[in-house]
Amino acid sequence: MKIATMTCAVWILACLSAEPAFASSCDAVAALALKDTSITAAQLVPAGHFSAPGQTAGRGGNPYADLSEFCRVAATLKPTSDSDIKVEVWLPAKGWNGKFQAVGNGGWAGVISYSAMADAVRAGYASASTDTGHVGGRGTFALDHPEKLLDFAWRSEHEMTVTAKAVIQAFYGSAPRLSYWNGCSTGGRQGLKEAQKFPNDYDAIIAGAPANRTAISLWIAAAVLKDPASYIPPGKYPIIHQAALAACDARDGLKDGLIDDPTKCDFDPKALLCKGADGPACLTAPQVDAAKKIYSPAINPRTGQQLFSSLVPGTELAWGVQAQGPEPSANIYDQYRYVVFKDPKWDWKTFNFDSDVVRGDLPENLVMNATDPNMKPFFSHGGKLLLYHGWSDTNVPTLNTIKYYKSVVDSMGGPANASNSVRLFLAPGMGHCNGGEGPNVFDKVGALEQWVEHGKAPEKLTASHSTDGKVDRTRPLCPYPQVARYKGTGSIDDAANFVCRVP
């Protein structure tokens, strides 16, 4: 079907008026015929009238109250007999910038990313999101449903993209001139998968903290939760964190409460070993061993081979994500229960870091992972990839993203060949996708626009940190391997007093 040709025939008013009458054409989108797709709703949402399903007004009121009028399209996609992929496409009724910004998910997804879609629409983009083919944020859906697992792994994002572009074409009478992906965690992984598997879907991709599956949660659980004597109470996280800062904060020449490069930090938690009885300001010998394992890469007990990266110094305040218990973090625990072992009653304490890691890494169990370093098909049409990761992330090891970035650069023949296609930005003190003690708010979309639309590759990203809603520190984030270095004068809380340079 040639949607562009039929648009004027169906929506004459939209074609004749200087200001397209999108209000009348929104309803008409419901009649759009697309393969394996049922459009279940198409309605104009008046300015300030949207509220997310299940949303209750909080102290701040409706977080979508500032949204201008938009056409909200909902669809169900069934590329297989076991598929049930929900997507939404939002189209600004006025002020569309001619571009499309798809937004990613978190965890096991299972929901539409309304907040991220709203951010895109506020900036003038048409936007889309998917629930990835199931409801709820757990991995239970994957048990005995291989097609649903594929929907989650990659198919839902691609099918959503195809559908969204067709809806945009129908509503506006023209295709988006540029298509961007914007996601973190699962959304970062989704963006990489799109570039690797469907390199022509997007012109540029923002991929934060890509959540590729490893057995990290089982590694940390084995260190901290298996033996009660090894358990580190969350009340001790701050004292470990302060000891790590004391050992490594000033390594970059500036004592600012942040570890600039944790890979150069040789903090040994043995410094906190209790000299007598256990207490709130020290660690017992089993707790010291557990902390060392959290900082160490997973090791195959038979071969001594390093299996995958773990956490780094500076992450301690959020160790509870992986180490609080009583069970491992659900995201990875579900991966092994419902995907790898296909047994809801599987006991993590039986995990073998030799044979079971091999089983977990079988291709059919890692269909969601996006670790292929060959991005040449995506880069060949001018595609840009902006990677970012917080150094204090406890959900997804930052070292994994650095490893992936290096593999892409190597596949391109080195930094000189890769720098205009891919850049990685690391944020000291930033947690998983946001938050943390370090500056963690920065304009990723604006940087991508400058790169793609004006040929200005990002030389730095200015990040800010706020307390009680007030910005109290800014700092440049530099393209890896560069780091921010203090010029020697002026406030250490002002990004203008730092310069990016190779350490």
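What you are looking at is a predicted structure, and each value in this text was computed from that prediction instead of being measured.

So, how was this worked out
- Residues numbered from 1 in each chain as written.
- Predicted model: local features only at pLDDT ≥ 70, side-chain atom pairs only at ≥ 80, totals over all residues.
- Heavy atoms only, no water.
- Buried < 20%, exposed > 50% of the residue type's maximum accessible area, 1.4 Å probe, protein only.
- Helix = DSSP H or I, 4+ residues; strand = E, 2+ residues; numbered from the N terminus.
- pLDDT = per-residue confidence, 0-100.
- Contact = heavy atoms within 4.5 Å.
- Disulfide = S-S within 2.5 Å.

### Brief notes about the pairing of strand S11 (residues 422-427)
When you tally the buried positions in S11, you get 6 out of 6 residues, the bulk of the element. By the alternation rule, side chains of S11 split into Val-422, Leu-424 and Leu-426 and Arg-423, Phe-425 and Ala-427, which are all buried.

### Remarks on the confidence of the model for the chain
When pLDDT is low, close inspection of the predicted coordinates is not appropriate. A residue-level look at the chain finds 94% of positions with pLDDT of 70 or above and a mean pLDDT of 94. Ignoring residues within four places in sequence, the model shows residues 1-24, a span with pLDDT below 50, making 30 contacts including any to other chains.

### A look at the state of the cysteines
In this structure the tally under the stated criterion is 5 disulfides. In this model, Cys-26 is linked to Cys-71 through a disulfide, with the two sulfur atoms separated by 2.1 Å. Taking the torsion about the S-S bond as the criterion, the Cys-26 to Cys-71 disulfide, at about 85°, is right-handed. Of this pair, Cys-26 sits in helix H3 (residues 22-28) while Cys-71 sits in strand S2 (residues 70-77), and the two are 45 residues apart along the sequence. Here Cys-26 and Cys-71 have matching classes, each one buried.

### Description of helix H11 (residues 330-340)
The element H11 is largely enclosed, with a buried count of 9 among its 11 residues. Buried residues of H11: Ile-332, Tyr-333, Asp-334, Gln-335, Tyr-336, Arg-337, Tyr-338, Val-339 and Val-340, and no others. Residues of H11 that are buried sit in contact with helix H5 (146-172), helix H7 (216-224) and helix H12 (355-360). The positive-phi residue at the C-terminal boundary of H11 is Lys-342, with phi of around 55°.

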